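# Structural features, examined
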Amino acid sequence: MVHNTVVINDLGMHARPAARIAQIAMTAESEIWLSDGNTQVDASSIIDILTLCATKGSCIHIQAKSFEDAAVVDKIKSLFDDGFGELTE
Amino acid sequence: MNQDKPCEMILKGISGSPGICIGKAYLVDREGVNIIERYPVSSNLVPQEIDRFKNAVAKAKKEHARIIQALDEDVSETLNILETHMALFKDKMLYGKTIDTIQSEQINAEWALRKVARQVKLMFQQVDDQYLKARGNDIVQVSDKIMSYLLGARDIKIADINKRVIIVAHDLSPADASQIQLERIKGFVTDRGGKDSHTGIVAKSLKIPSVFGLARATTCINNDDILVVDGSSGIIIINPEEDTLFKYEERLARFAAYRADIERDSHLPAVTTDGVTLNLMANIELVEEVVSAKDNGAAGIGLFRTEFLYLDLERFPTEDELLVKYKELVELMNPQPVTIRTLDINGDKFNPYIDPVEEANPSLGLRAVRFCLENKDIFITQIKAILRAAAFGNINLLIPMISCVEEIIAVKAVINQAVLELDKDDKIFNKDIALGIMIEVPSAVLMADELAKQVDFFSIGTNDLIQYSMAIDRRNRRVAHLYQALNPAVLKMIKMTVTAAQNNNIELVMCGEMAGDPINVPVLMGLGLKNLSMNAASIPVIKKMVRDMDYEKAGIFAKKVLGFTTVQEITRFVLEEYKDILPYKEMED
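Right, let's talk about the overall build of chain A for a bit. When you go through chain A residue by residue, the secondary structure sums to three helices and four strands. When the helices and strands of chain A are read in sequence order from the N terminus, they spell out β-α-β-β-α-β-α. Taken across its 89 residues, chain A has 39% of its residues classed as buried.

Shown next as C-alpha cells:
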C-alpha cells in the first residue's frame with residue numbers, strides 16, 4: 001500500500017502540516033510510514049515527520065503496513081495534494 | 001583575593017511579611033520549578049510512575065486547550081504554533097519514548113522526560129534548516145509544560161531538596177502559591193507584587209519572611225546564591241559578606257525569641273490597661289487555616305474568603321460541596337463566629353472557567369457582588385449553602401463591594417428567594433444570621449449612614465478601600481508607595497464609617513490587612529474599632545500591644561492624628577507616642 005506524492009506548498013512539510021498528518025495517521029490500524037527515499041519516518045509522530053526536512057518539491061512515499069488503512073493513506077495524500085491548505089491560489 | 005567571589009548586593013523591595021531568613025536561593029521560573037532530580041523507581045512502582053507522567057500530560061494539555069480557547073482569532077500565527085504544541089504533547093517521540101524510558105531504565109518521570117526531550121532537541125539542532133532548528137524550541141516548551149505539572153503535582157519535590165530554600169520568582173500566582181508547600185520554604189522573594197497581593201497574604205499567614213516588588217530579583221540571583229531576606233524592612237541581600245551574615249544571624253535569634261515570647265500568651269483575651277476587650281479574629285481562605293487561627297488565639301474567623309473553593313474545581317461548586325466545607329469550618333470554630341464573605345471574583349483571582357470578558361479595568365469592573373447579582377444562580381447556590389451551614393454554628397454573612405443601597409436591597413431579595421427555596425425543599429437551615437457588607441468603596445463610606453439602616457454589621461475592607469480612595473493599583477510597583485493605610489484621607493473614611501455604625505448601633509469590624517500591621521493599631525483603636533480581623537500570624541503581636549495600651553488615651557491620641565494633613569506627620573506621631581509599645585524594636589534591631 002504505497003502512494004507517491006510531492007510537497008507543493010511553499011513552506012514545505014513544517015510543523016502544522018506534520019501535526020495534521022500525524023493526527024490522521026494515528027487513526028490507522030497499522031503503522032503508516034513516510035519516506036523521502038533515504039529516511040523513513042513514523043507518520044504518527046510530528047517530531048519524526050519534521051526530521052525529514054521535506055521542502056517544496058520533495059517527493060514523499062506514503063506507506064501503510066496494512067491494506068485496511070488504504071483510506072488513511074488516501075487522506076494523507078490528499079493533504080499533500082492540497083498543499084496542506086496553504087496554497088495561495 | 002579571590003576575584004571570582006561574588007560581592008554583596010542589596011535589593012530593596014516592599015516588605016511582604018515580617019521576619020528574617022537566611023538560606024540558599026531556589027529560582028522558580030514561569031513554567032515551574034526547574035531543578036530536576038534523578039532517582040530510581042522500583043519495578044513494581046513503574047506503572048504508577050507512568051500514570052503520574054500521563055496525568056501530567058493530560059493536565060498540561062487541558063491547560064493548553066484553555067489558553068487556545070481564550071485566544072482571539074486574529075492571532076492565527078500564535079494559534080498555529082499553539083495548536084502544533086497541542087499535538088506534540090502526545091507525540092510518540094516525546095510521549096511514547098518517555099514512557100518507554102521510565103519502563104526500561106526504571107527512573108522517575110521527570111528525568112525520563114528530560115532525557116527524551118534533550119535527545120529530540122539535539123536531533124533538531126543537527127539539521128541545517130533554520131526552521132527545523134527552531135522547532136527544537138517547540139519541543140522544549142512542550143516538555144517544560146509537562147515538567148511543571150509533574151513537579152507541581154508532587155508536593156514532596158521541594159521536600160526532597162534536603163536543605164530548606166528561599167524561593168525566588170518573577171511572580172507567584174494564587175495557583176502557584178497553593179501548589180507550593182510553603183512550610184518547606186524558608187522565605188520568598190518576587191520581582192512583582194506588593195504587600196497585599198495574593199501571594200503576600202498567603203505568605204503572611206504561613207509566617208514566611210518575604211519581600212516583593214524587587215523588580216530584578218530573578219535576574220540578579222542565581223540558584224544556590226546565599227540570600228538574606230529581611231521581610232521586616234523589605235530588603236534582600238545577595239551573597240552577604242561575613243559581617244552582614246553574622247549581624248543577621250543575631251537578629252534572627254532575637255526575632256525567634258520574641259515570637260516565642262508573644263505566642264505564650266496568645267490564648268488569653270486582648271484587654272487594654274483600662275479594661276476594654278478587643279476582639280482579634282483571623283482572616284482565612286482555606287478551611288485548613290483554622291488550625292493556625294486557633295493556635296494564634298483568634299476569637300473567631302472575621303473573614304473567610306470563599307474564592308479558593310471555586311478555584312479548586314474546573315466548574316462552579318454545587319450547593320452540597322460548598323455546604324460540606326462551610327459546615328466543617330463552622331463546626332471547628334463553634335461557638336466562635338465565622339464571617340463568610342460571598343464570592344469576590346476579580347482580576348486578582350481570575351477564574352479560567354468563567355467566560356473571560358475583556359475588561360480594561362477589572363478592579364473597576366464586574367466583580368464581587370456585581371458579578372453575583374448578574375449571575376444569580378451562582379450567587380443563590382452559595383447563599384443557600386451558607387444558610388444551611390448556619391444550622392451548625394455561628395455564621396455571619398458578608399457581602400463584598402457594595403457601592404450603593406440598591407445593591408444591598410437586591411442582595412436581600414436573593415436571600416429571601418434562597419430561604420423560600422430551602423423551605424420548599426425541606427432543608428435544614430438557619431435564616432437568622434447577621435447580614436453585613438464590606439465597606440471598601442468610597443461611595444459606600446459616603447452612604448454609610450443609609451447603608452447601616454439596611455444591615456446588621458459593617459466590615460471595613462481596607463485593602464480595596466485604600467486602593468479605590470487613592471486611585472492606585474497596589475500591584476503596580478510604580479504607584480505602590482501611595483498605598484498608605486495611614487493616609488489622612490483613609491483615616492477620615494474609617495472615621496466616617498465608625499460614626500455611621502455607632503449612630504445606627506450596628507457592629508463594626510475591620511478585616512483588611514491594615515488591622516494586622518502594628519503601626520496602625522493605636523490609631524484604629526483610638527477611632528473606636530474593637531473588632532479587628534487579620535492574618536492569624538499577626539494576632540499574637542497585636543494582642544501583646546493591646547494589653548499595653550489604654551483605650552481612653554488612644555481615643556485622645558486619634559483625635560490629634562485626625563488633625564494632621566500628611567502621612568509622614570501621622571507616621572512620625574505614632575512612632576513617637578507609641579515607641580515603647582510598637583514591636584519593631586524586637587522585630588528588627
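The number of helices and strands found in chain B is 25 helices and 18 strands. Going through the 589 residues of chain B one by one, you find that 45% of them count as buried. Of the contacts made within chain B by residues no fewer than 6 positions apart, 70% connect residues no fewer than 24 positions apart.

All right, on to unusual backbone geometry then. Residues and elements named next belong to chain B. Residue Asn 334 is joined to Pro 335 through a cis peptide bond whose omega torsion reads 5°. Positioned with a positive phi, Asn 505 is a non-glycine residue whose angle comes to about 60°. Here Asn 505 lies in the loop between α20 (488–503) and β17 (507–510). Taking the number of C-beta atoms within 10 Å as the measure of exposure, Asn 505 has 7 and is therefore exposed.

Now for the environment of Leu343(B). All names here are of chain B. Its place among the elements puts Leu 343 in the loop between β13 (338–341) and α14 (368–374). As a C-alpha pair, Leu 343 and Val 369 span 26 residues in sequence and 7.4 Å in three-dimensional space. The contact partners of Leu 343, leaving out residues within four places of it in the chain, are Thr 306, Glu 307, Tyr 310, Cys 372 and Gln 382.

Our focus in this paragraph is the interface of chain A and chain B. Chain A puts 15 residues into the contact, and the matching count from chain B is 18 residues. When contributions to the side of chain A that touches chain B are tallied by element, the ones reaching two or more residues are α1 (15–25) and α2 (46–50) of chain A. Looking at which element gives the most residues to the side of chain A that touches chain B, the answer is α1(A), with five residues. Broken down by class, the residue content of the side of chain A that touches chain B amounts to seven nonpolar, five polar and three charged.

With 130 residues, the main nonpolar core has Ile166(B), Val168(B), Ile301(B) and Ile386(B) as its most contacted residues. Structurally, this core is a two-domain feature, drawing no fewer than three residues from each of domain 1 (9–33 + 161–254) and domain 3 (265–588) of chain B. Leave out the neighbours within four places in its chain, and Ile301(B) touches Met281(B), Ala282(B), Ile284(B), Ala293(B), Met333(B), Val338(B) and Thr339(B). Among the nonpolar cores identified, the runner-up in size contains 52 residues, and Ala19(A), Ile60(A), Val72(A) and Leu94(B) belong to it.

Residues and elements named next belong to chain A. Overall, antiparallel pairing links the four strands, which are arranged β1-β4-β2-β3 in an open sheet. Where the open sheet ends on each side, the last strands, each with one partner, are β1 (2–6) and β3 (40–42). In this sheet, neighbouring strand axes are inclined to one another by 25° on average, regardless of whether the strands run parallel or antiparallel. With five bridges connecting them, β1 and strand β4 (residues 59–64) associate as antiparallel partners. By the bridge assignment for β4, Val 2 is matched with Gln 63. On the sheet, helix α3 (residues 70–81) packs against β1, β2 (32–35) and β4 and is oriented at approximately 165° with respect to β4.

This brings us to the pairing of strand β12 (residues 301–305) of chain B. Put simply, side chains in a regular strand alternate between the two faces of the sheet. All names here are of chain B. For β12, the tally of buried residues reaches five of five residues, placing the bulk of the element in the interior. Note that strand β11 (residues 277–284) and β12 share three bridges and pair parallel. For Asn 283, the partnering residue across the bridge sits in β12 and is Leu 303. Where β12 lies against β13, three bridges are found, and the strand directions are parallel. Of the residues in β13, the one forming a bridge with Arg 305 is Arg 341.

Chain-level pLDDT for chain A is 85 on average; 97% of the residues reach the 70-or-more range. Taken element by element, the predicted model of chain A shows its lowest mean pLDDT in β1(A) (83) and its highest in β2(A) (91).

So, on to the packing of helix α3 (residues 92–105) of chain B against helix α4 (residues 109–125) of chain B. Residue and element names in this part refer to chain B. The N-to-C vectors of α3 and α4 enclose an angle of 130°; their axes lie 8 Å apart at closest approach. As the angle between them shows, α3 and α4 are arranged oblique. Judged by the twist between their axes, the crossing of α3 over α4 is right-handed. In contact with Met 93, Leu 94, Lys 97, Thr 98, Thr 101, Ile 102 and Glu 105 of α3, α4 contributes Ala 109, Ala 112, Leu 113, Lys 115, Val 116, Ala 117 and Val 120. When grouped by side-chain class, the residues that make up the contact of α3 with α4 number nine nonpolar, two polar and three charged.

With that settled, consider the packing of helix α1 (residues 46–70) of chain B against α3(B). Residues and elements named next belong to chain B. For the pair α1 and α3, the least separation of the axes is 9 Å and the interaxial angle reads 155°. On the basis of their axis angle, the class for α1 and α3 is roughly antiparallel. For the pair α1 and α3, the crossing hand works out as right-handed. In contact with Val 46, Glu 49, Ile 50, Phe 53 and Val 57 of α1, α3 contributes Tyr 95, Thr 98, Ile 99, Ile 102 and Gln 103. A breakdown of the residues in the contact of α1 with α3 according to their chemical character gives seven nonpolar, two polar and one charged.

Parameters at a glance
- Residues numbered from 1 in each chain as written.
- Chains lettered and ligands numbered in written order.
- Predicted model: local features only at pLDDT ≥ 70, side-chain atom pairs only at ≥ 80, totals over all residues.
- Helix = DSSP H or I, 4+ residues; strand = E, 2+ residues; numbered from the N terminus.
- Buried ≥ 20, exposed ≤ 12 C-beta atoms within 10 Å, placed from the backbone.
- Contact = placed C-beta atoms within 7 Å.
- Nonpolar A, V, L, I, M, F, W, Y, C, P; charged D, E, K, R; others polar.
- Core = buried A, V, L, I, M, F, W, Y, C linked by C-beta atoms within 7 Å.
- Domains from an automatic or database assignment.
- Pairing = 2+ DSSP bridges.
- Axes fitted to C-alpha atoms, helices over the stretch in contact; angles between N-to-C directions.
- pLDDT = per-residue confidence, 0-100.
- Parallel < 35°, antiparallel > 145°, perpendicular 65-115°, else oblique.
- Left-handed = near helix turned anticlockwise from the far one by under 90°.

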